[in-house]
Amino acid sequence: MNLKPEPLAFELSSPGRVGVALPKRDVPAVPVPEALLRDELKLPELDELTVVRHFTRLSQKNYSIDTEFYPLGSCTMKYNPKANEAAAALPGWKGSHPLASDRCNQGSIELIWKLQESLKAIGGFEAVSLQPAAGAHGELAGVFMIRAYHLSRGDSRRVKMLIPDSAHGTNPASCTMAGLTTVTIPSDADGGVDMAALKAACDDTVAGIMITNPSTLGLFERNIEAIARIVHEAGGLVYGDGANMNALTGVLRPADVGIDVMHFNLHKTFSTPHGGGGPGVGMVGAGKALAAFLPGPIAGRKGEAYAMEVPERTIGRMKAFYGNFGVLVRAYTYIRMLGAEGLRRVAESAVLNANYLKARLEKAYPVKYPRRCMHEFVAMGNFADGVHTLDIAKRMIDYGFHPPTIYFPLIVPEALMIEPTETESKETLDGFVEAMLKIAEEARTSPELLREAPHATPVGRLDEVAAARCPVLCYRG
Amino acid sequence: MSVDKNSRYRSSHEWARKDGARYLVGISDHAQEALGDIVFVELPEVGKQLKQGEAFGVIESVKAASDVYMPMSGKVVAVNDAVSGDPALVNREPYAGGWLVAIEASAPAEWDGLLDPAAYEAEAGKE
Amino acid sequence: MPFIPNTDADREAMLAAVGARSVEELFSDIPADKRFPKLGLPEGLSELEALREIEAMASRNEVASKSAWFLGAGAYNHFIPAAVPALASRGEFLSAYTPYQPEVSQGTLQAIFEYQSMAAELFGVDTVNASHYDGATALAEAVIMALNHGGSGRPRIMLPAALHPEYKDVVRTYLAAFPVEVEEYAGEPAAAGADARTACVVAAYPDFEGRVRDLSGAAEAAHAAGALFIVSADPIMLGLLKSPGSMGADIVTAEGQSLGNAMNYGGPFLGMMGATQKFVRKMPGRIVGQAADHDGRRGFVLTLSAREQHIRREKAVSNICSNQGLAMLQATVYLEALGKGGLRAVAELCWNKAHYAAGLIAEIPGFAVADGEYFKEFVVKTPVPAASIVEKLERRGVMPGLALSRYYPDRTHELLVCVTEMNTREQIELLARSLEEASV
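Residues numbered from 1 in each chain as written. Chains lettered and ligands numbered in written order. Predicted model: local features only at pLDDT ≥ 70, side-chain atom pairs only at ≥ 80, totals over all residues.

(A) Just the overall build of chain B, in detail. For chain B, the count of helices and strands is 4 helices and 9 strands. Each helix and strand of chain B, ordered N terminal to C terminal, gives the series β-β-β-α-β-β-β-β-β-α-α-β-α. Taking 14 Å as the expected radius of gyration for a compact globule of 127 residues, we find that chain B reaches 13 Å, a close match to that expectation. The principal-axis extent of the C-alpha atoms belonging to chain B is close to 35 × 30 × 20 Å. Per-residue burial for chain B yields a buried fraction of 46% across its 127 residues. Long-range contacts, defined here as pairs at least 24 residues apart, represent 64% of the contacts in chain B between residues at least 6 apart. (Helix = DSSP H or I, 4+ residues; strand = E, 2+ residues; numbered from the N terminus. Rg over C-alpha atoms; globule rule 2.2 N^0.38 Å. Buried ≥ 20, exposed ≤ 12 C-beta atoms within 10 Å, placed from the backbone. Contact = placed C-beta atoms within 7 Å.)

(B) Molecular detail of the overall build of chain C. For chain C, the count of helices and strands is 12 helices and 15 strands. C-alpha extents for chain C along the principal axes are approximately 85 × 55 × 50 Å. Per-residue burial over chain C gives 62% buried out of 440 residues. A sequence separation of at least 24 residues applies to 72% of the contacts in chain C between residues at least 6 apart.

(C) Molecular detail of the nonpolar core. Core analysis: the biggest nonpolar cluster contains 360 residues, and Met 145 and Leu 328 of chain A together with Val 143, Cys 200, Val 201 and Ile 230 of chain C have the highest contact counts within it. With 23 residues, the top contributor of residues to this core is helix H10 (residues 325-362) of chain C. Those residues in contact with Val 201 of chain C that sit more than four places away from it in its chain are Met 158, Pro 189, Ala 192, Ala 194, Ala 218, Ala 222, Ala 227 and Phe 229 of chain C. (Core = buried A, V, L, I, M, F, W, Y, C linked by C-beta atoms within 7 Å.)

(D) Molecular detail of the interface of chain A and chain C. Contact residues are listed per partner, giving 170 residues for chain A and 164 residues for chain C. Top element by residues in the side of chain A that touches chain C is helix H11 (residues 325-361) of chain A. It accounts for 23 residues. Taken together, the residues of the side of chain A that touches chain C sort by class into 90 nonpolar, 47 polar and 33 charged. (Nonpolar A, V, L, I, M, F, W, Y, C, P; charged D, E, K, R; others polar.)

(E) Inspection of the interface of chain A and chain B at higher detail. Each partner contributes residues to the interface: chain A has 4 residues there, and chain B has 5 residues. Partitioned by chemical class, the residues of the side of chain A that touches chain B number 2 nonpolar, no polar and 2 charged.

(F) Examining H11 of chain A more closely. Residue and element names in this part refer to chain A. Here H11 is 37 residues long, yet its end C-alpha atoms lie only 40 Å apart, well below the 54 Å a rise of 1.5 Å per residue gives. Considering bend angle alone, the principal kink of H11 is centred on Gly 339 and spans about 100°. H11 sits mainly inside the fold: 34 of its 37 residues count as buried. (Expected span 1.5 Å × (residues − 1). Bend = angle between axes of the 7 residues up to and from the residue.)

(G) Structural context of the pairing of strand E2 (residues 14-19) of chain B. Residue and element names in this part refer to chain B. With 2 bridges joining them, strand E1 (residues 8-9) and E2 adopt antiparallel strand pairing. Looking across to E2, one finds that Tyr 9 is bridged to Trp 15. The antiparallel pairing of E1 with E2 creates a hairpin that spans 4 residues between the two strands, and His 13 there sits at a positive phi of about 85°. The pairing of E2 with strand E3 (residues 22-27) spans 6 bridges and is classified as antiparallel. When the sheet's bridge partners are listed, Trp 15 is paired in E3 with Gly 26. Two successive antiparallel strands, E2 and E3, enclose a turn made up of 2 residues, where Gly 20 displays a positive phi of approximately 65°. (Pairing = 2+ DSSP bridges.)

(H) Highlighting the domain arrangement of chain C. All names here are of chain C. Taken domain by domain, chain C holds domain 1 (64-78 + 340-438) and domain 2 (84-333). Its C-alpha centre places domain 1 at a distance of 28 Å from the equivalent point of domain 2. On the domain 2 side, the residues contacting the 23 residues of domain 1 number 18 residues. Among the elements of the structure, H10 and strand E12 (377-381) are those that each provide at least two residues to the side of domain 1 that touches domain 2. For the side of domain 1 that touches domain 2, the residue count by class is 15 nonpolar, 4 polar and 4 charged. (Domains from an automatic or database assignment.)

(I) The environment of Val 465 of chain A, seen in detail. For Val 465 of chain A, the location among the structural elements is in helix H15 (residues 464-469). Apart from the residues lying within four places of it in its own chain, the contact partners of Val 465 of chain A are Asp 37, Val 39 and Val 62 of chain B.

(J) Highlighting the sheet that holds strand E4 (residues 181-185) of chain C. All names here are of chain C. The strand order across the open sheet built from 7 strands is E2-E8-E7-E6-E5-E3-E4, with neighbouring strands paired in mixed fashion. Two strands bound the open sheet, and with one partner strand each, they are strand E2 (127-128) and E4. One ladder, built from 4 bridges, connects strand E6 (residues 228-233) with strand E7 (residues 251-255); its direction is parallel. Bridge pairing links Ala 233 to Ala 254 in E7. Lying on the sheet, helix H6 (residues 135-150) is in contact with strand E3 (156-160), strand E5 (198-205), E6, E7 and strand E8 (271-275); it crosses E7 at an angle near 165°. (Axes fitted to C-alpha atoms, helices over the stretch in contact; angles between N-to-C directions.)

(K) Structural detail: the sheet that holds strand E14 (residues 402-403) of chain C. All names here are of chain C. Taken in spatial order, the 4 strands of this open sheet run E11-E12-E15-E14, and their pairing is antiparallel. Two strands close off the open sheet at either side, each with one partner strand: strand E11 (368-369) and E14. Two strands pair when backbone bridges link them, and E12 and strand E15 (residues 414-418) are joined in this way by 5 bridges, in the antiparallel orientation. Bridged to Glu 377 within E15 is Cys 418.

(L) Spatial organisation of unusual backbone geometry. With an omega dihedral of 0°, the bond running from Ala 453 of chain A to Pro 454 of chain A counts as a cis peptide bond. Examined against the element boundaries, Pro 454 of chain A turns out to sit in the loop between helix H14 (447-451) and H15. That bond from Gly 267 of chain C to Pro 268 of chain C is cis: its omega, 0°, falls within 30 degrees of zero. Phi at Ser 271 of chain A is positive, roughly 60°, even though this residue is not glycine.

(M) Local environment of the packing of H11 of chain A against helix H2 (residues 47-58) of chain C. Running from N to C, H11 of chain A and H2 of chain C cross one another at 135°; their axes reach a closest spacing of 9 Å. Between H11 of chain A and H2 of chain C, the crossing angle belongs to the class labelled oblique. Between H11 of chain A and H2 of chain C lies a crossing of right-handed hand. Residue-level contacts link Thr 333, Arg 336 and Met 337 of chain A of H11 of chain A to Glu 47, Ala 50, Glu 53 and Ile 54 of chain C of H2 of chain C. Partitioning the contact of H11 of chain A with H2 of chain C into residue classes produces 3 nonpolar, 1 polar and 3 charged. (Parallel < 35°, antiparallel > 145°, perpendicular 65-115°, else oblique. Left-handed = near helix turned anticlockwise from the far one by under 90°.)

(N) Structural detail: the packing of H11 of chain A against helix H1 (residues 8-18) of chain C. As a packed pair, H11 of chain A and H1 of chain C sit with axes 8 Å apart at the nearest point and diverge in direction by 50°. Classified by the angle between their axes, H11 of chain A and H1 of chain C sit oblique to one another. Note that H11 of chain A runs across H1 of chain C; the crossing there is left-handed. Mapping the contact onto sequence places Leu 352, Asn 355, Tyr 356, Ala 359 and Arg 360 of chain A in H11 of chain A and Arg 11, Met 14, Ala 17 and Val 18 of chain C in H1 of chain C. Tallied by class, residues from the contact of H11 of chain A with H1 of chain C come to 6 nonpolar, 1 polar and 2 charged.

(O) Layout of the confidence of the model for chain C. Per-residue confidence for chain C gives a mean pLDDT of 97; residues scoring 70 or more make up 100%. Our summary of model confidence lists the complex with pTM equal to 0.97 and ipTM equal to 0.98. (pLDDT = per-residue confidence, 0-100.)

Laid out in structure tokens, this is it:
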């Protein structure tokens, strides 16, 4: 890590410098009316080398998959193959315009169509839309589809969405944006959906259920078929949150167990880079009942030609144009390299890696639901006096590991959610286990080491309270 | 956890206390402790009519956000600008300088129906 | 497999530690009759084979660099300095996640802070968030902010008639479940007709047809009715023309693709959103703020999180979780590389070249250029259907623009032409000659 403080670009600026030379004006100048002109523009002024060093140094202040093991639960921080990047950088994509005719964009539409077909096969869906730009965006599309489906049948009473208490916050937030109220369904002693509570909540006002399987506890919902049946019998639909699809590729097609509509996070399962927060793709796949409601346009094929088409009863556009196309190229490249056999191997290895870590760590770090896990598991970090999960997480940084997801899911106190992914070797996992065991020991013998961690980072723990009380959100010269 | 002997409470952790002709409303010591360092307080406009149990504002810490509910029905006659400027005041003095709003009660008898300090302490202690 | 390192021997050892006899056993929770289906996907390929196949697909596109390109309409052909992809594609940026652990994410966090600072300056507002999916969704979320601010007594939304048609669609999709009235107004935003039931007046700056409307007085008119004033802007234009904030906008949104991001068949793009101080805690999306550690060292953190879905769940201001991190990073490098002088120079080139092109086209018999101020795009009235001109010319290496009939079936004889710094004088003159030829 680069420990030296890096000035802000504004602080590196010197009047008159410029980092890019532009062509000289080759047409006559036309004056801009005075009334339209802006008077000042306080952007930094830098030469190219300064810009290059600035961002190179900044990059060295990040942990990333390319540099460290990054077992961030629920985020599937798997290695992003470099071939994905090479494919996405092809000039044939970069210069392709979304509003040029389909004839000009046959390559782009073909790729979208082929990716749609692949994802239909993986999920068992009738049709998919690649337009949503993120998991939460896909969820929103899916909930809109469920709403539109009920309304199309003249059923306007269905205003209630059931959501297990272990769900991501995006699930209830998406429902609010779609005008639905949420009902929280508790988990049972085994970490699954409490079936009695589910049955009690199912009436003729239920629009559906949003279920993450494997759940955020890293556990497969064993009652999934019964859950789908109960909700369907009540007239509701089943939304599958595919955040954890990495455990299931080639293992289970979600549509086979009663999922009506679902999103996959292509930036998780299908190895497109997270990019420090995005862009992602929240593909939505649907079964027969909902396919016509998908957002669009989506790609279709007529003979040898490809064309963008609007699904018959579409909920409309979720964004302008056709989605985060560059991300689609990466995901397609990945699927094309792996094939069906490789995808099954992905899920198998991800699940084996997680179970291996769990087996080696669960004595030191208690696991609330000690079942066999899927691609991740949730341990707890409150086993030593005066030491919290946050301290353990920060101490892991000192050992050169990115911390797991912490304090989520909310139903496990002091949660440490660990997802190794399939791309890590046994040696890496063993190194991680060793560090974690050492930290567990330190938590008892020298807790201050943990509470003061991390020690060798560009900054120590930051005062987030002061930052939120008096926010400084922009450079103020 | 401390409780103010002169206040009465809602189980959602708000208190109300007579203050001359009006009632002051705030959150309990237990509530401020559970929220952690408070970073922002959103309060209603003066003049707003609110019913008992209705949300009148939001209190935010770094890791949590919590709606606050009216312990009694009434009209907001004053809001505590001091806590808007210094939200930590709610942490330091939840029953004194950290009050949130003052109301003109429309049904003063509601106060008698709130939890008394001992009952509230027993209930909050169970959490 | 290149991305799955463990060998058979590793797997044996790990299974032994887990206490399972086989990998299949780990999946025993899954309904047996549904387990391990045949997927019907083509067999996996080597990197070489996969890239060869994908390259062949990419080559079936017709791209801007091979043509004289005058098509914009929401996706713009601008120059991307080599430093932009070179820096933004560094693995440390590319393969990092959301900066939840600030001590090991200062690179991403500081870049976001610099982006927020520069975008706020461009917009003329106090705060900008870490980005939305695209310009259309940023606008939809801004409208929702205004609806939340106005409360149930203000269900009316005023959109400009000449807003990008796809943006209108997205706003309608997002508002499907709200009891609102989405109305369109023509002409100047100051005369939009906001009343006591209006949540917001939206202006496009410039609008879909390239027109730069005078925004002065619009904010005052909206505010007088108690409504908010929202502006959807072009960030390149803001390098030269007045900022929406300086004219009283409460919320400013933009499509930031032009700032260092390729057209890429429409994504990833960059949704930009900023607002005045008053709305900071009501804005959706991630926001980065400055902080200090115990030694007083400056650092940056995600802040004001209590607005967001992971804390407030169903009461969050939006369900948005991610941001367009890489697209935002590209914009950040772009803005710093061009800087104050460079961005203004790009904007001036667009202005001058667009005006030169419009002048030439206006002289062609049968053609006319729409009235009013414009920046880099303008509508041309054509003597023959615009779609037929596009179809003829796109096969001859000239992409003349967008036939408006794509969105407005009755506007058959109108062509939206976009000119940027990428177009040389020769290309502009070729366009004029080609339009004339295609119209006879």
